[in-house]
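Next come the chains, spelled out residue by residue.
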Amino acid sequence: MAMGTKLVHAGIDPDERTGAILTPIYQSTTYVQESVDKYLAKGYSYSRTANPTVKVLEAKIAELENGYGACCVCTGMAATVTVMTAVMKAGDHCVITECSYGGTNRAARVMFSDLGMTFSFVDFRDIKNVEEAIQPNTKLIFSESPANPTLTLTDIEAISKLAKEKGILHVCDSTFATPIIMRPIDLGCDLVIQSLTKFYDGHNQTVGGAIISATKELDEKMHFYQNIHGNILSPQCAFYILQSIKTMGLRLKQQCATALKIATFLESHPKVDSVNYPGLDSFPQKKLADRQHIGMHGSMLSFEVIGGSEAGRRLMDSVQRPWSLCENLGATESIITCPSVMTHANMVKEDRLKVGITDGFVRISCGIEDSEDLLFALGKALDQL
């Protein structure tokens, strides 16, 4: 099946008992067993471990991402924490991108470091940096592509090849790309993280995360640690995401087209200093973007205005609807975000500035509104600086 058809039908069968076209919400804590000897004969015992609605979503995501299986958890950060606890222990080392979602950086720098794990934060744009950071006790390479919020890219195929040569697992947070734009498992990745809160949901209505595994062994391990953490996705959220996935392709097509228009507009505006978008010819990694991405380059972009941080914050404070100043991304609503205060505030300031996230750095998530309305509102705010 083509991707557009998979988004609607993958992993879904009409309900056996009623014929309902939508997967039912199994809002149940426990499941009655026929006998002690037949425990788990129907596959379910307790909803912290497994839930029928969640299982359908996991099957769907695994098929979309070309993985062996998927493990759905309650947030994107729950997915990150589950991966790290499943593959690392005290004394182990991880090579991780220096530019990632702020919560990922904090988990590595604070929580897991306190538990005796070590991390090397390096620039993944050059594979030599990754190779040189590998130590005898390295157990995980953690990439994010495109990176939040700078949009820098990792050569997933090259990093995956290096990881396999060294006997190290490679996990990629591919939230900004979605399986419509990039499927890391096809490029050799062992594990993929998706924040389902973002494009999979796409409507600002749920939070969720998923870990997609390339092998049965890894999938079983992720579910084992998900059960220990008790962080399974709720059946209600699973039901909502099962519906919103169906339009992800249509939404993303509109969002990507709008992002390119806005990036092009910003690049030529006299008040704008720099623009980051993989679809622009001026993007430093454009060749990699064209090779690694499937037809589109995403709905995310970032930029800085002339006048520095003060001017950037004035812009974010003054831009009017249809823009919304808030966190989250990938939704139908267009969102403007100040990473230094919102999504990446927990990074050490020196590290944040090193990767280019200044106090006035602007991140944009393009929604599905008419692009002319978005351009008008953004242009008006820029002209007033």
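Small disclaimer: the values here were computed from a predicted structure and weren't measured. (Residues numbered from 1 in each chain as written. Predicted model: local features only at pLDDT ≥ 70, side-chain atom pairs only at ≥ 80, totals over all residues. Heavy atoms only, no water.)

A. Representation of the overall build of the chain within the structure. When helices and strands are tallied, the chain shows 14 helices and twelve strands. Relative to the 2.2 N^0.38 estimate, which gives 21 Å for 385 residues, the radius of gyration of the chain is 21 Å and therefore close to what a compact globule would have. Counting only C-alpha atoms and orienting by the principal axes, one finds that the chain spans roughly 75 × 50 × 35 Å. In the chain, which comprises 385 residues, the share counted as buried stands at 56%. For the chain, contacts bridging at least 24 residues in sequence account for 73% of all contacts bridging at least 6. Accessible surface computed for the chain: about 16,300 Å², of which carbon and sulfur atoms make up 53%. (Helix = DSSP H or I, 4+ residues; strand = E, 2+ residues; numbered from the N terminus. Rg over C-alpha atoms; globule rule 2.2 N^0.38 Å. Buried < 20%, exposed > 50% of the residue type's maximum accessible area, 1.4 Å probe, protein only. Contact = heavy atoms within 4.5 Å. Areas by Shrake-Rupley, 256 points an atom, 1.4 Å probe, with all protein chains shown as cover.)

B. Up close: helix α14 (residues 371–383). For α14, with 13 residues, the first-to-last C-alpha span of 18 Å sits near the 18 Å given by 1.5 Å per residue. Listed in full, the buried residues belonging to α14 are Ser371, Leu374, Leu375, Ala377, Leu378, Gly379, Ala381 and Leu382. (Expected span 1.5 Å × (residues − 1).)

C. View of the confidence of the model for the chain. Summing up the model confidence of the chain, the mean pLDDT is 96 and the portion of residues at 70 or higher is 100%. Within the chain, helix α13 (residues 349–354) has the poorest average pLDDT of any element, 81, and strand β7 (residues 209–213) the best, 99. (pLDDT = per-residue confidence, 0-100.)

D. Structural context of the sheet that holds strand β2 (residues 93–97). On the basis of which strands lie adjacent, the open sheet formed by seven strands has the order β1-β7-β6-β5-β4-β2-β3 and mixed pairing. Both edges of this open sheet fall to β1 (69–73) and β3 (118–122), since each of them pairs with a single strand only. Within this sheet the neighbouring strands show an average axis-to-axis angle of 20°, counted without direction. (Pairing = 2+ DSSP bridges. Axes fitted to C-alpha atoms, helices over the stretch in contact; angles between N-to-C directions.)

E. Representation of the packing of helix α3 (residues 76–87) against helix α8 (residues 216–229). Close contact between α3 and α8 brings their axes to 9 Å; oriented N to C, the two are set at 110°. Taken together, α3 and α8 sit at an angle that is classed as roughly perpendicular. Note on packing geometry: the crossing formed by α3 with α8 is right-handed. Residue-level contacts link Val81, Thr82, Val83, Thr85, Ala86 and Val87 of α3 to Lys221, Met222, Tyr225, Gln226 and His229 of α8. Of the residues that constitute the contact of α3 with α8, the class distribution is six nonpolar, four polar and one charged. (Parallel < 35°, antiparallel > 145°, perpendicular 65-115°, else oblique. Left-handed = near helix turned anticlockwise from the far one by under 90°. Nonpolar A, V, L, I, M, F, W, Y, C, P; charged D, E, K, R; others polar.)

F. Examining the sheet that holds strand β9 (residues 300–305) more closely. The sheet built from five strands is open, its strands ordered β8-β9-β12-β11-β10 with mixed pairing. Edge positions in the sheet fall to β8 (272–276) and β10 (324–325), since each of these pairs with one other strand and no more. Against the sheet, helix α12 (residues 308–318) touches β9, β10, β11 (335–337) and β12 (362–365), its axis set at about 125° to β9.

G. Representation of the environment of glutamate 58 in the model. Along the chain, the position of glutamate 58 falls in helix α2 (residues 52–64). Among the residues examined, glutamate 58 registers a relative accessible area of 5% and is labelled buried. As for glutamate 58 and alanine 238, which are separated by 180 residues in sequence, their C-alpha atoms are 9.0 Å apart. Not counting the four nearest positions on each side in its chain, glutamate 58 is found in contact with Ala70, Cys71, Cys72 and His223.

H. Structural context of the packing of aromatic side chains. The tally for this structure, following the rule as stated, stands at four aromatic pairs. Between tyrosine 31 and tyrosine 44, the aromatic rings sit 5.6 Å apart at their centres with planes inclined by 40°, giving tilted as the arrangement. Taken as a pair, tyrosine 31 in the loop between α1 (3–9) and α2 and tyrosine 44 in the loop between α1 and α2 lie far apart in primary sequence, 13 residues in all. (Phe/Tyr/Trp six-rings, centres within 6.5 Å; stacked < 30°, edge-to-face > 60°.)

I. How the structure looks around the pattern of salt bridges. What the rule picks out here adds up to 13 salt bridges. In this structure, aspartate 155 engages arginine 291 in a salt bridge whose closest nitrogen and oxygen atoms are separated by 3.1 Å. Taken as a pair, aspartate 155 in the loop between β4 (138–144) and α6 (156–166) and arginine 291 in helix α11 (residues 286–292) lie far apart in primary sequence, 136 residues in all. A salt bridge links aspartate 359 to arginine 352, with the shortest nitrogen-to-oxygen separation between them at 3.1 Å. A relative accessible area of 6% means that arginine 352 is categorised as buried. Overlapping salt bridges bring together Lys89, Asp92 and Lys139 as one network. (Salt bridge = Lys/Arg side-chain N within 4 Å of Asp/Glu carboxyl O.)

J. Quick peek at unusual backbone geometry. With an omega of -10°, the peptide bond between serine 145 and proline 146 qualifies as cis. As for its position among the elements, proline 146 is in the loop between β4 and α6. With phi around 70°, leucine 40 is a residue other than glycine that occupies positive phi space. In this structure, leucine 40 sits in the loop between α1 and α2. One non-glycine residue with positive phi stands out, namely asparagine 328, at about 80°.

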